[in-house]
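Reading the structure
Now for the letters of each chain:
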Amino acid sequence: MTDSHGKPTLAVVGATGAVGSVMLRILSTREDVWGEIRLVASARSAGKKLVCRGREIEVRALAPEVFGMSLEELQRTLKCDTSIEQAGFADPVR
């Protein structure tokens, strides 16, 4: 996936955790090579707003739709047969 300027989309999975917060700080200090940055975490963290690159971004629940594809497409892309429960995918929060 790319944005309208041809820059790739980046999903930060675990954005509300310890490593995720460090990742957001690093992204905010580096050259802007990414297009859209999607913040992803558990269903209970969905809806929180975090700051990255000087703008507030809403955290999304981990679901295949976050990656712009169905679960089947995601499994093929990752070459895995993990179930939704094993992967920790939540029902999409809208």
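None of the values given here were measured: they were computed from a predicted structure.

Before going further, it helps to spend a moment on the side chain of R38. Tracing the sequence through the fold places R38 in strand β2 (residues 37-41). Among the polar contacts made by the side chain of R38, one reaches the main-chain carbonyl oxygen of V66 at a distance of 2.4 Å.

Pairing within the open sheet is mixed, and its 4 strands lie in the order β1-β2-β4-β3. Each end of this open sheet is capped by a strand with a single partner; those strands are β1 (10-13) and β3 (49-52). Adjacent strand axes in the sheet meet at a mean angle of 40° when their direction is disregarded. For β3 and strand β4 (residues 55-61), the ladder comprises 4 bridges, and the chain directions are antiparallel. Residue K49 lies in a different strand from β4, and its bridge partner there is E58.

The next point concerns the pairing of β1. Only one face of β1 is covered, namely the face carrying L10 and V12; the face carrying A11 and V13 is uncovered. Where the polypeptide runs from β1 across helix α1 (residues 18-29) and back to β2, its parallel neighbour, the crossover connection is right-handed.

Right, let's talk about the confidence of the model for the protein for a bit. Chain-level statistics for the protein give a pLDDT mean of 81 and a share of 77% at 70 or above. Ranking the elements of the protein by mean pLDDT puts helix α3 (residues 84-87) last, at 54, and β3 first, at 95.

In this section: unusual backbone geometry. Of note in the backbone geometry, R53 takes a positive phi value of approximately 55° without being a glycine. Locating R53 in the fold gives a position in the loop between β3 and β4. Note on R53: relative accessible area 25%, which makes it partly exposed.

To continue, consider the pattern of salt bridges. Following the criterion strictly, the structure yields 5 salt bridges and no others. The salt bridge involving E58 is made with K49; its shortest N-O contact spans 3.8 Å. Put simply, K7, D32 and R53 are held in one network by salt bridges that share partners.

Reading the values: the criteria
- Residues numbered from 1 in each chain as written.
- Predicted model: local features only at pLDDT ≥ 70, side-chain atom pairs only at ≥ 80, totals over all residues.
- Heavy atoms only, no water.
- Helix = DSSP H or I, 4+ residues; strand = E, 2+ residues; numbered from the N terminus.
- Polar contact = N/O pair within 3.5 Å; in protein donor to acceptor, adjacent residues only side chain to side chain.
- Pairing = 2+ DSSP bridges.
- Axes fitted to C-alpha atoms, helices over the stretch in contact; angles between N-to-C directions.
- Buried < 20%, exposed > 50% of the residue type's maximum accessible area, 1.4 Å probe, protein only.
- Right-handed = clockwise from strand over helix to strand, strands pointing away.
- pLDDT = per-residue confidence, 0-100.
- Salt bridge = Lys/Arg side-chain N within 4 Å of Asp/Glu carboxyl O.

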